[in-house]
Amino acid sequence: MSQLLVRGGRALAGEVTIQGAKNSVLPILAATILARGQVVLRGCPALRDVDASVRILQSLGCEARWEADTLAVDTTALNSCGISDILMREMRSSAIFLGAILARCGRADISYPGGCELGPRPIDLHLSGLRDLGTEIREEGGFLHCTAPRLTGRELVLSLPSVGATENLMLAACGAEGVTVISNAAREPEIVDLQEFLNACGADVAGAGTSSVTIRGRRPMHGCEYRCMPDRIVTATYLCAAASAGGEIFLRGARECHLATVTAALRQAGCTIDSDGTGISCLCRQRLRAVRPVRTAPYPGFPTDAQAVLMAALLRSRGATVFEENIFENRYRHVDELIRMGAEIRVAGRVAVVTGVETLSGAAVRCTDLRGGAALCVAALAAEGETRIFETGHIDRGYQDIAGDLRALGAAASRTE
Ligand code: UD1
């Protein structure tokens, strides 16, 4: 079992290059199923969830090969349209393969992805959109047997802008006859990245980044070379790390336009943040101030994935900050661990109130989920003494080398096996 050891109290100084975005790479890997020929993904992060996607592709008969940070995938030899229950359970976002397999094979057999650390993870919107495109779905003992001999494009209206449903339906629509319009689509930058990837493979997708995405289906799709966008949540994490510990850092490759709500909150708290075409710098010299209420919302609102790390950065601020979590039910599981370090946080339903304290102290804490685990690292940087962080497997789902990155930024962080 690996642990992360972080010794707090040291101001940060340094630079790291931001890894490729997990939430972009995962749907792109599913999308490779639509392309005949080799896809070369540059700057692909080596993450547990990426590994799980690669194993799903291999189980379908596809080839995938790493060379440094480049992942080459060739799905020409795909010879199966089913994903085993074990592989489905390994990664909660595995449902994203459904649309792509259906578009390519006309049928798909997968198990229900089920709930996750953040609470129930329904895929009803994915399924009703796929049904509207002409898929027959039989649900049986936790399995979904889907057949779609002929997908047909039409207007699909999402009742809420689900990221995963938008992506899944974009992939299915690439294999549908005619035009599909997804209304009330999610507007996240990762959806734009998926559109750019699909178009680089020969698809005809427009409108990503707005609430209406149009897909003209059945275009011949081929391989391509592609570089995924930088990870905006990893960027937010390291900005919060600098805010928490103090100091000055530079995040190479990061794009501020993807996380304007996060940088706005950090500026309000007292950080100086600048960005240009090469990256984002962050300078924090004084004790932070509490900020106006932070309400998570679909993009361009404040990202739910950055809620925990911002909360961790504000634990020693002056005053109280209110957080309101509006996307996932169970997203305050890191709070009890932060309290072990001396934080003052009260949770009532979807609201958490953080009152800044003078000091935090190192403790033995446990990761409860991916971003909650990252939040423990952020808090540990500001704590007196050493923090031992257990169950780091959660962090490995989304951060390629958090200890190495924090060391490059001047922190005393290491990993023990
Ligand atoms: C994606 C991100 C995740 C991020 C989330 C919200 C990936 C791989 N993961 O997850 O990191 O936290 O967006 O920004 O990109 N919902 C339904 N029915 C559905 C689908 C979703 O009720 O069929 C609900 C969910 O329970 C949740 C909300 O919609 O409350 C948002 O979920 P969604 O946008 O789909 O998130 P994911 O795509 O799962």
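Residues numbered from 1 in each chain as written. Predicted model: local features only at pLDDT ≥ 70, side-chain atom pairs only at ≥ 80, totals over all residues. Heavy atoms only, no water.

Visitor: Provide a residue-level description of the domain arrangement of the chain, including the pertinent values.
Guide: Taken domain by domain, the chain comprises domain 1 (3–18 + 230–416) and domain 2 (22–227). For the pair domain 1 and domain 2, the summed buried surface comes to about 1800 Å²; carbon and sulfur atoms form 53% of the total. Area buried by domain 1 at its contact with domain 2 is led by Y299, R397 and Q400, which between them contribute 35% of it. Along the contact surface separating domain 1 from domain 2 lie two salt bridges. Two residues, E190 and R232, come together in a salt bridge whose shortest N-O distance is 2.8 Å. Connecting domain 1 to domain 2 are seven residue pairs in polar contact (both at pLDDT 80 or more). Counting only elements with at least two residues in the side of domain 1 that touches domain 2, the list comes to α12 (370–380) and α13 (393–396). Looking at which element gives the most residues to the side of domain 1 that touches domain 2, the answer is α13, with three residues. By residue class, the composition of the side of domain 1 that touches domain 2 is six nonpolar, seven polar and 10 charged. (Domains from an automatic or database assignment. Buried area = accessible area lost by both parts, 1.4 Å probe. Salt bridge = Lys/Arg side-chain N within 4 Å of Asp/Glu carboxyl O. Polar contact = N/O pair within 3.5 Å; in protein donor to acceptor, adjacent residues only side chain to side chain. Helix = DSSP H or I, 4+ residues; strand = E, 2+ residues; numbered from the N terminus. Nonpolar A, V, L, I, M, F, W, Y, C, P; charged D, E, K, R; others polar.)

Visitor: Before we move on, could you go through unusual backbone geometry and cite the residues and values that matter?
Guide: The bulk of non-glycine residues show a negative phi, and the bulk of peptide bonds are trans. The linkage connecting Y299 with the following residue, P300, adopts the cis geometry, with an omega of 10°. Turning to its location among the elements, P300 is positioned in the loop between β17 (294–295) and α10 (307–313). Its identity as a non-glycine residue notwithstanding, N184 has a phi of 55°, on the positive side. Following the sequence through the fold, N184 ends up in the loop between β10 (179–183) and α7 (189–200).

Visitor: Go over the site of the ligand, please, and point to the residues and values.
Guide: Around the ligand lies a shell of 17 residues, among which D124, S162, G164, D305 and I327 are the nearest. One nitrogen or oxygen atom from the side chain of S162 is found 2.6 Å from an oxygen atom belonging to the ligand. A distance of 2.5 Å separates an oxygen atom of the ligand from a polar backbone atom of I327. Burial of the ligand by the protein chains amounts to 82% of its free accessible area of 740 Å². Among the secondary structure elements, those contributing two or more residues to the shell around the ligand are α5 (124–132) and α6 (163–174). (Near = heavy atom within 4 Å. Areas by Shrake-Rupley, 256 points an atom, 1.4 Å probe, with all protein chains shown as cover.)

Visitor: Give me the lowdown on the nonpolar core, citing residues and values where you can.
Guide: Side chains that are nonpolar tend, in soluble globular proteins, to be buried together. Membership of the largest hydrophobic core comes to 76 residues, with the highest contact counts inside it found for F97 and L198. Counting residues per element, this core draws most heavily on α6, at seven residues. (Core = buried A, V, L, I, M, F, W, Y, C linked by side-chain atoms within 4.5 Å. Buried < 20%, exposed > 50% of the residue type's maximum accessible area, 1.4 Å probe, protein only.)

Visitor: Break down the packing of aromatic side chains for me, with residues and values.
Guide: In this structure the tally under the stated criterion is one aromatic pair. Taking 5.6 Å as the distance between ring centres and 80° as the angle between the ring planes, the aromatic pair formed by F197 and Y226 counts as edge-to-face. Here F197, found in helix α7, pairs with Y226, found in strand β13 (residues 225–227); they are 29 residues apart in sequence, far enough to count as distant. The exposure class of F197 is buried, given its relative accessible area of 0%. (Phe/Tyr/Trp six-rings, centres within 6.5 Å; stacked < 30°, edge-to-face > 60°.)

Visitor: Can you explain the pattern of salt bridges? Please cite residues and give values.
Guide: Applying the stated criterion across every chain yields a total of 26 salt bridges. Close ionic contact of D49 with R397 constitutes a salt bridge, the shortest N to O distance being 3.2 Å. Remark: R397 occurs in the loop between α13 and α14 (402–408) and D49 occurs in helix α2 (residues 48–59); sequence separation between them is 348 residues. Its salt-bridge partner being R138, residue E140 comes within 2.9 Å of it at the nearest N-O pair. A residue is classified by how much of its surface remains accessible, and E140, at 45% relative accessible area, is partly exposed.

Visitor: Could you give an account of the environment of R318, naming the residues involved and the relevant values?
Guide: Here R318 lies in the loop between α10 and β18 (320–324). The exposure class assigned to R318 is exposed, which follows from its relative accessible area of 51%. In this structure, the C-alpha to C-alpha distance between R318 and G356, residues 38 residues apart in sequence, is 5.4 Å. Excluding residues within four positions of it along the chain, R318 makes contact with R287, L288, R289 and A290. (Contact = heavy atoms within 4.5 Å.)

Visitor: Could you give an account of the side chain of D369, with specific residues and numbers?
Guide: On the secondary structure map, D369 appears in the loop between β22 (364–366) and α12. Comment: no salt bridge for buried D369; closest opposite-charge side chain is R333, at 4.7 Å. At 3.3 Å, the side chain of D369 and the backbone nitrogen of R371 are in polar contact. Contacts of D369, omitting those with residues within four sequence positions, involve E117, L118, R333 and H394. (Lys, Arg positive; Asp, Glu negative; His and termini not counted.)

Visitor: Describe the side chain of T70, listing the residues and the values that go with them.
Guide: Within the fold, T70 resides in strand β5 (residues 70–74). According to the relative accessible area criterion, T70 is buried, its value standing at 13%. Not counting chain neighbours up to four residues away, the residues in contact with T70 comprise V40, L41, R42 and R65.

Visitor: Hey, could you go over the packing of helix α1 (residues 22–31) against α2 for me, with residue numbers and the actual values?
Guide: Following both chains from N to C, one finds α1 and α2 inclined at 0°, their axes separated by 10 Å at the closest point. When the interaxial angle is binned, α1 and α2 end up roughly parallel. Along the contact surface, α1 presents K22, V25, L26 and L29, while α2 presents D49, V50, S53 and L57. For the contact of α1 with α2, the residue count by class is five nonpolar, one polar and two charged. (Axes fitted to C-alpha atoms, helices over the stretch in contact; angles between N-to-C directions. Parallel < 35°, antiparallel > 145°, perpendicular 65-115°, else oblique.)

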